[in-house]
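Structural overview for review
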Amino acid sequence: MAASKSPGRFKQRNAIAPHSQQASARRKSIEEQRRALPITIARQKLVDEVHKNDTLVIIGETGSGKTTQLPQFLLRAGFSKRGKMIGITQPRRVAAVTVATRVAEEMGSELGREVGYSIRFEDATSDLTRIKYMTDGMLLREALLDPLLRKYGVIVIDEAHERTVHTDVLLGLLKGVQAKRTEEHGPKKESLKLIVMSATLDAQGFSAFFNNAKIVYIQGRQFPVEIFYTFTSEADILDASLITLLQIHTEEEPGDILVFLTGQEEIESMDRLIHDRLPRLPPGSLKIQVVPIYAALPSEQQVKAFIPAPPGTRKVILATNIAETSVTIPGIRYVVDPGLVKSRSYNPRIGLESLIVVPVSKAQALQRRLVYHVTRFAFPRPGKCYRLYMEETFKQLENATVPEIKRCNLASVVLQLKALGIDDVLGFDFMDKPPKMAILKSLEHLYILGALTDEGKLSDPVGIQMARLPLEPLYAKALLISANFNCSKEMLSAVAMLSVESIFFVPKDKKKEADAAKQRFLSGDGDHITLVSVMRAFTDEVNKSGGGVVSKKQILRWCIENYINMRSLKRAVDIYRQIEGCIQAINLPVVSCGEDFTSFRRCLAAAFFLNAACLQQDGTYRIALRTLANTQVVSIHPSSIMHGKKLDCVVFNELVKTNKQFIRNVTRIDSLWLPELAPHFYGTRDARRGEWPYRHRNNFRNLNLGVLRSFATALPIAVIFPF
Ligand code: CDP
Ligand code: MG
């Protein structure tokens, strides 16, 4: 084990070695770490099993070396013959990037050459790439261009227990691909090896799905972990986490702390809270280095979590559930687990998706407890896991998390399946079938957006173009129509900005200053235009300053002065460029409306007409398009610049459910635009009498039977409910 002779790990790291010596020491330490991994002794057996079985399920605890080592074993055993790649999917971008970085280092090759990664909006692979880590969503996209995934000799579905929508679709898809490749080429030559890897023990389900595929267990290393529960339930989780981590810091032995939080906002607040408290730490305490890790963090920042803290410093990692199993961060000894997770929840009845904070499942709590790695300690010492809830509460948790496919909006997945030529989506071989209602809703949604024909097939060109854009169908459509309104640049900015969290940075003690700064970008017409203004101002600043180190500082200063979250904004600019490339690839013009924001607002109305809301007498808003099930009353979220304003009619992009239903990212529109721009859904006749909007009864008159047969009964939306 690394540094096993040195109990004073901080001291040893203090020694300053010349560069090359440092590098060779690091290589040696990596080699030692690899040799000590539980998977290493199982190497030959694993390779033999992959030879013998076309499909294999591998189970092994987090940290046993599955993700980093197995692909290397397979490469050395010749599984990437004839130029074929070994592809490994990850549910999360962070994992794909950090693991690829690590494996490239282990193999002594430059990232992007033999070992690469591919995630949405970022590709680090080349013709030389043999081991490719990618998000599950990216592999699905690749299947659009190469339906039999011929580039791959082996595909590893990693972290299968996470059961993300994309993983679930891949499982079904790959089962078919494997059968087809065997059918075409006979069992050996071009066959596709499939490996499903999971960190939890629920292997039976995967095995059963793949016709009783063989299961291999990797013996894990069990380190003792002490578990603590609270006596009472905690009302303020952030505060409880802060107190716990400070207590660990002042009272416990060295070792890094991992705190599980629910999202970027919570992580950033906690980061600030810790920094506020730093000056008050007792003299002589270790220093604290706070490292955030969450999905939206740019890749180069994510890697920081893996770098050991400098001597005399304790690393405090603030992570989302990303750190449960997807990434292995060495050196963690203490885990603070508030027991909460942000989870997608979709109500197909009303067709709206929201993100809500819910208790974790027992399986998740167990994983969080196990995130404890002692690679740097001389002897395994007990780890400590502080659960910020009562033992009673633990007993009441659900056993396992419900697969995401059962609780999310399926429009994007259904669009991809259609693009893959799978027309009978209801009959697709899902490991766990999503609710039929959810599939029907998404078919209907895509039909409304013009992506499907009356026969339920992908429409040409709209559906085909939408499937090619790596965006939610609603945003893809918005971009497609934006050129007609002369505002594709503005829509691109808006979509890119909506893809990241927290553009504005509002420190608690400087709320006034932050609000004043925001005024500079403010548009009285809504959040979308405000976001566009921020991006315009930022790009101006970047262009003004040119390249170079000085200008980087200048940009940072600009962000600080304007209370802008630079990380988020840079990522948005990145996304902008990527989508711009996709738009150009489908030959759509990229044009700007300049200062004519009315065109842009009209485009927003035309694109997001399904998300329109109208003011009611009591000051609340009601979703404009009313259906039997959809009689939602909403309010404008306090974070919106339109909060507190009384606007006749608005479109919005997000529905958030807390104590009430809020809409976020709101822009004012003219109510008469709806019947004009979405005439099929909003009648024009009675608009002036205040009886709109309503929907034509015969909207689906032309729908064919076939795949969409059940629409007739399943579409409450076809019933008119005038106000
Ligand atoms: O996939 P699994 O959870 O079984 O393990 P892994 O991700 O392959 O990690 C194996 C070991 O590699 C960990 O215990 C870490 O010591 C090390 N590792 C690392 O140092 N940095 C990374 N980015 C990934 C792994
Ligand atoms: Mg792994």
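Residues numbered from 1 in each chain as written. Chains lettered and ligands numbered in written order. Predicted model: local features only at pLDDT ≥ 70, side-chain atom pairs only at ≥ 80, totals over all residues.

So, on to the confidence of the model for the chain. Interpretation of the predicted coordinates at a detailed level should be avoided for regions scoring low in pLDDT. Of all residues in the chain, 87% attain a pLDDT of 70 or more, and the chain-wide mean is 84. Overall, residues 1-18 carries pLDDT values under 50, and its contacts beyond four positions in sequence, including any with other chains, amount to 23 contacts. Confidence drops under a pLDDT of 50 for residues 374-379, and excluding neighbours within four residues, the segment shows 14 contacts in the predicted structure. Across the assembled chains, the prediction reports ipTM 0.98 with pTM 0.81. (pLDDT = per-residue confidence, 0-100. Contact = placed C-beta atoms within 7 Å.)

We now examine the sheet that holds strand S4 (residues 122-124). The strand order across the open sheet built from 8 strands is S4-S3-S5-S2-S6-S7-S1-S8, with neighbouring strands paired in mixed fashion. Every interior strand has two partners, whereas the edge strands, S4 and strand S8 (214-218), have only one. Each strand of the sheet is rotated relative to its neighbour by a mean of 20 degrees, with strand direction disregarded. Direction of pairing for strand S6 (residues 152-157) relative to strand S7 (residues 193-198): parallel, over a ladder of 4 bridges. Each residue of the ladder has a partner; that of Val154, found in S7, is Lys193. (Pairing = 2+ DSSP bridges. Helix = DSSP H or I, 4+ residues; strand = E, 2+ residues; numbered from the N terminus. Axes fitted to C-alpha atoms, helices over the stretch in contact; angles between N-to-C directions.)

This part takes up the site of ligand 1. Surveying the vicinity of ligand 1 reveals 19 residues, the closest of which are Gly63, Lys66, Thr67, Thr68 and Arg102. Elements represented by at least two residues in the shell around ligand 1 include exactly helix H4 (66-76) and helix H5 (93-107). At 4 residues, H4 tops the list of elements feeding residues into the shell around ligand 1. Across the shell around ligand 1, the residue classes break down as 4 nonpolar, 13 polar and 2 charged. (Near = placed C-beta within 6 Å. Nonpolar A, V, L, I, M, F, W, Y, C, P; charged D, E, K, R; others polar.)

Our focus in this paragraph is the nonpolar core. One finds Val259, Ile293, Val414, Leu479 and Val495 to be the most contacted residues of the largest nonpolar core, which totals 179 residues. Per-element accounting of this core gives the leading share, 8 residues, to H5. The contact partners of Val414, leaving out residues within four places of it in the chain, are Val425, Ile439, Ser442, Leu443 and Leu446. (Core = buried A, V, L, I, M, F, W, Y, C linked by C-beta atoms within 7 Å. Buried ≥ 20, exposed ≤ 12 C-beta atoms within 10 Å, placed from the backbone.)

So, on to the sheet that holds strand S20 (residues 649-657). Taken in spatial order, the 5 strands line up as S17-S18-S19-S21-S20 and close into a barrel, and their pairing is mixed. This sheet shows a mean twist of 50 degrees between the axes of neighbouring strands, independent of strand direction. Sheet analysis places strand S17 (residues 612-615) next to S20, joined by 3 bridges and oriented antiparallel. The residue bridging Cys614 from the neighbouring strand is Cys649, located in S20.

Turning next to helix H6 (residues 136-145). Considered for burial, the residues of H6 that qualify are Asp136, Gly137, Met138, Leu139 and Leu140. In the core, the buried residues of H6 are packed alongside strand S2 (85-90), strand S3 (115-119), strand S5 (131-135), helix H7 (165-185) and helix H15 (411-419).

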